[in-house]
Amino acid sequence: MLHRTKSLFLVLIALVTAATIIGCDKKITITRVPTFYTQELTSIAVAPFRNQTAYGGAGDIMADKVAAGLMSNGTYHVVNRNNLKAVLDEKDLQMALSNDPGAAAQLQKLSNVQAILTGTVATYAATSNRTPISKPVYRYDKHGNQYYAGQEQYVQTRNEATVSVTATLIRVSDGQPIYVTGEPLWQQNWAEGHPPKKDPHALLNDAANAVAKGVVMTFAPTRMTIKVDEKKALFTAREEYDGEWDKEDKFTAADDKAFIVVSLPKSCDRNPFRITIIPKEQRTVLFEEELVWDQQETSVDLPFSPKDIYNRAGAGKYEVKFYSGAKPVLKRDIKIEPCG
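The following refers to the structure shown. Note that the structure is predicted; figures quoted are calculated from it, not measured.

### Observations regarding the overall build of the chain
For the chain, the count of helices and strands is 8 helices and 19 strands. Every one of the 340 residues in the chain was classed for burial, and the buried ones make up 43%. Accessible surface, the chain: about 18400 Å² in total, of which carbon and sulfur atoms supply 48%.

Dropping the structure here:
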C-alpha cells in the first residue's frame, strides 16, 4: 500500500528551507516573515472563498481551514466568515470583494478589521480508479524445484485527491490588495494498493489541510525549521580577495583584524541572531554581536580582533557560536597562537 503527496507548497518549502543540497546540513528554527508583513497589521477577516469547482461547499471548507490555521498561528486577531457575514450581508460582501467603485465604502463597515483575506478554490476533487491485476504465481515442490501454479487475480485501487487555491489580502482602508499569491497553492495526494492506505475522502482532507497551511504561511509569520549548509553558513576568514574569502581558523596575536562570515537564505529575513566568541569549554564572552538578517544580503561579515582576544585571554582554543534564539545552532573552533 503506497501513500504519496505532490505539492507546489512542499516544493516551495524545500526551496526555502534548503540553503544547499551539498554539504553538512544543520537545522535552524526561524520565523518566516511574509514580505508585506508589518507589526501594525494586527487584525484580518477571512471571507468565504469563491468556489470554481463542482464540489459543493469547497470555498467555505477552505475558508474555515485557513481561518482556523490563522487563529492557531496567533499573529492576528481573526474574524472568520461566519462573524464577517454578521457585519456585511451577502450582497455587501460581494461588492466589497469586487472591483466596484463602492467596494472601499463597503469595507469601511469592518471597523475592527484592517484587512480581509479572500481566495478562490480552483481545484477540489478526489477520484478512485480500480484496475484488475493478474500475476503469475510460482511455488516450490518438495525437491526445491519451482513450478508455475496459476494466476493470482486481484484489484489494484488508486485513490487521488487534488486541491488548489489562490488568495488575496485586501486592505480595508482603501480596498487595495496588500498581497496576492503569484501561483496557486496546490497539493496532490495519492494512495494505491489492495486496499489503499487511505480512501479518497481522507486524501482530500489531507490535501485541503496542506493547502490551508500554505495559505497561512503565505500571509502570516510562521515558525519553521530550515536547513543550512553548516560549512557555508558560518566560518572565519582572514580577508576577502577578488570576491572570495580567505578562510582561516588559526590566527596569531599579531592579527589586528579577522572576520566572522555568516551566510543565510532569504527565508531568514528579519530574524534576529547573535554571535559570540568564548574560550573553549568556558563561558566568558570575549566578543558579541547581534544582527537582524536582511533578505537582500547573501552574506554578512563581522570583524573581530584576534589580537584583542589574545591580550584578554591568552593563547589557546576558542569557539565561535551562532545563536538562533536562546541556544547556539552553529559553532566553529578557532585557535589563537602567540606571535612567531
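### Some points on the sheet that holds strand 15 (residues 272-279)
Neighbouring strands of a sheet are bound in pairs by backbone hydrogen bonds; such pairs are parallel or else antiparallel. The strand order across the open sheet formed by 5 strands is 13-19-18-15-16, and the pairing between neighbours is mixed. Both outer strands of the open sheet, strand 13 (250-252) and strand 16 (287-292), are each paired with one neighbouring strand and no more. Adjacent strand axes in the sheet meet at a mean angle of 25° when their direction is disregarded. Pairing geometry for strand 15 and strand 18 (residues 316-324), over 6 bridges, is antiparallel. Bridging from a neighbouring strand, Arg 274 pairs with Tyr 323 of strand 18.

### Thoughts on the side chain of Asp 255
Positionally, Asp 255 belongs in the loop between strand 13 and strand 14 (258-262). A relative accessible area of 15% places Asp 255 in the buried class. Polar contacts involving the side chain of Asp 255 include one to the side chain of Arg 238, which spans 3.0 Å. There is a polar contact of 2.8 Å between the side chain of Asp 255 and the backbone nitrogen of Thr 252. Dropping the residues within four chain positions of it, Asp 255 is found in contact with Arg 238, Ser 305, Pro 306 and Lys 307.

What counts, and where the lines are drawn
- Residues numbered from 1 in each chain as written.
- Predicted model: local features only at pLDDT ≥ 70, side-chain atom pairs only at ≥ 80, totals over all residues.
- Heavy atoms only, no water.
- Helix = DSSP H or I, 4+ residues; strand = E, 2+ residues; numbered from the N terminus.
- Buried < 20%, exposed > 50% of the residue type's maximum accessible area, 1.4 Å probe, protein only.
- Areas by Shrake-Rupley, 256 points an atom, 1.4 Å probe, with all protein chains shown as cover.
- Pairing = 2+ DSSP bridges.
- Axes fitted to C-alpha atoms, helices over the stretch in contact; angles between N-to-C directions.
- Polar contact = N/O pair within 3.5 Å; in protein donor to acceptor, adjacent residues only side chain to side chain.
- Contact = heavy atoms within 4.5 Å.

Purely spatial values, then, with no claim about function.
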